[in-house]
Amino acid sequence: MPLIEFHDVSYTYDGEAFVLNHIDLSIEKGEFVCILGGNGSGKSTLAKHINALLLPDEGRVNVLGHDTADQTMTYFIRSHAGMVFQNPDDQLVASLVENDVAFGPENLSIPTEELRSRVADALADVGLQGFDRRETASLSGGQKQRVAIAGVLAMQPEILIFDEATAMLDPRGRKGLMRVCHELNERGMTIVMITHFMDEAAQADRVIVLDGGSIACTGTPQEVLTQHELLERLHLDLPFAAELSYALRHAGVAVAATVEPNQLKEELCALALKA
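Going along each chain's sequence as written, the residues are numbered from 1 onward. Confidence filtering applies because this is a predicted model: local features only for residues at pLDDT of at least 70, side-chain atom pairs given and counted only at 80 or more, and all residues used for totals across whole chains, interfaces and linings. To obtain the side-chain values, all non-hydrogen atoms of the structure were included, while hydrogens and water were left out.

## Structural notes on the sheet that holds strand β5 (residues 66-67)
Stated precisely, the cut-off is as follows: Paired strands are those between which DSSP finds at least two bridges. For helices the rule is a DSSP run of H or I covering at least 4 residues; for strands it is a run of E covering at least 2, with both sets numbered from the N terminus onward. Contact criterion: two residues are considered in contact whenever any of their non-hydrogen atoms come within 4.5 Å of each other. Lines fitted to the C-alpha atoms define the axes, with helices restricted to the stretch that makes contact. Angles between their N-to-C directions range from 0 to 180 degrees.
The sheet built from 4 strands is open, its strands ordered β2-β1-β4-β5 with antiparallel pairing. The open sheet has two edge strands with one neighbour each: β2 (18-27) and β5. Contacting β1 (4-12), β2 and β4 (58-63), helix α1 (residues 43-50) runs over the sheet at an angle of about 125 degrees to β1.

## Observations regarding the packing of helix α10 (residues 240-250) against helix α11 (residues 261-274)
Two quantities define a packed helix pair, namely the angle between the axes and the distance from one axis to the other. Applied cut-off: Each angle gets one of four labels, with under 35 degrees taken as roughly parallel, over 145 as roughly antiparallel, 65 to 115 as roughly perpendicular, and the rest as oblique. In a left-handed crossing the near helix is turned counterclockwise from the far helix by less than a right angle, and in a right-handed crossing that turn is clockwise.
Put simply, α10 and α11 touch, their axes get as near as 9 Å, and they point 30 degrees apart. In terms of orientation, α10 lies roughly parallel with respect to α11. For α10 against α11, the interelement crossing comes out left-handed. Contacts from A241, L244, S245 and L248 in α10 reach P261, L264 and L268 in α11.

## Regarding the sheet that holds strand β8 (residues 190-194)
Through backbone hydrogen bonds, the strands of a sheet pair up, either in parallel or in antiparallel fashion. Across the sheet, which stays open at both edges, the 6 strands sit in the order β6-β7-β8-β3-β9-β10 with mixed pairing between neighbours. Among the strands making up the open sheet, the edge pair consists of β6 (81-84) and β10 (214-219). Taking each pair of neighbouring strands and ignoring which way they run, the sheet shows an average axis angle of 20 degrees. Summarising the sheet, strand β7 (residues 159-163) and β8 pair through 5 bridges and their orientation is parallel. Looking across to β8, one finds that D163 is bridged to I194. Taken strand by strand, helix α6 (residues 171-186) contacts β3 (32-37), β7 and β8, and its axis lies near 150 degrees from that of β8.

## A few points about the environment of D125
Convention followed: Two N or O atoms form a polar contact when they lie within 3.5 Å of each other; inside protein one atom must be a possible hydrogen donor and the other a possible acceptor, and for residues adjacent in sequence the pair counts only when both atoms belong to side chains.
Positionally, D125 belongs in helix α4 (residues 112-125). Linking D125 and R146, residues 21 residues apart in sequence, is a C-alpha distance of 9.3 Å. Sequence-distant contacts of D125, that is, excluding residues within four places in its chain, are made with L153, V180, E183 and R187. At a separation of 3.1 Å, a polar atom in the side chain of D125 contacts the side chain of R187.

## Remarks on the pairing of β3
For a regular strand, side chains alternate in direction, first toward one face of the sheet and then toward the other. Note the following rule: Exposure classes here rest on a 1.4 Å probe applied to the protein chains alone. A residue is buried below 20% of its type maximum, exposed above 50%, and partly exposed in between.
Of all the 6 residues making up β3, 6 are buried; the element is thus mostly covered by neighbouring parts of the structure. Here β3 shows two buried faces, one formed by F32, C34 and L36 and the other by V33, I35 and G37. Of the pairings in the sheet, the one linking β3 to β8 comprises 4 bridges and is parallel in character. The residue of β8 that forms the bridge with I35 is I194.

This is how it looks when you write it as structure tokens:
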């Protein structure tokens, strides 16, 4: 059974215009899924349905086998589907790093010794060992985002949802966050990432593109992110490797359309050797 299921889900904020429109979607345990789309496409609205921050007006969302509309399961779902938002300042609740990371599991009534262990492990997971006594206000934006992630990890969720969590980070911070995502995913955690950075999407197992609240396209990054005309119509960029391979092909260079920089590099080296 899929870990996350959307069955004919529609949602409206104002009772008139649907932000999500008849969404059917399933995400398996251990998948790394990236959700793309322009402004107003419904990305964040979809993400908030996964941990029951929003409930569908029509249809049904199941998470970990439970209907999100079942209020008796809301606590369970939110404990197992952790969400990291775009601005970490909206998520940090304590003045000290260790207290902030402990906040979620403490509310789950985790015993003190286990709580300390969880905080230490979560900080290690995001590369912030030794930061436990630092003040959150003194941290950089990237460090704050990693503390926010650690706070979710300390709750030991099965699903980790990133809602534009890299938007406020510099390139180095984004690269570090993607490294953390891959390490967690390799350990079996299901990752759902909302992003507008196409090179991040190229690293996922599967890409889902939303347009006007509906699913416009879904598939592997290679299948979706090399579709120049589709992405252009949806006002989305190509990943760097796909954009370069498209420009080379347009100029008559015999390379394959790809989202993999290493593949493109190998093809160009092979062509250079033949020349």
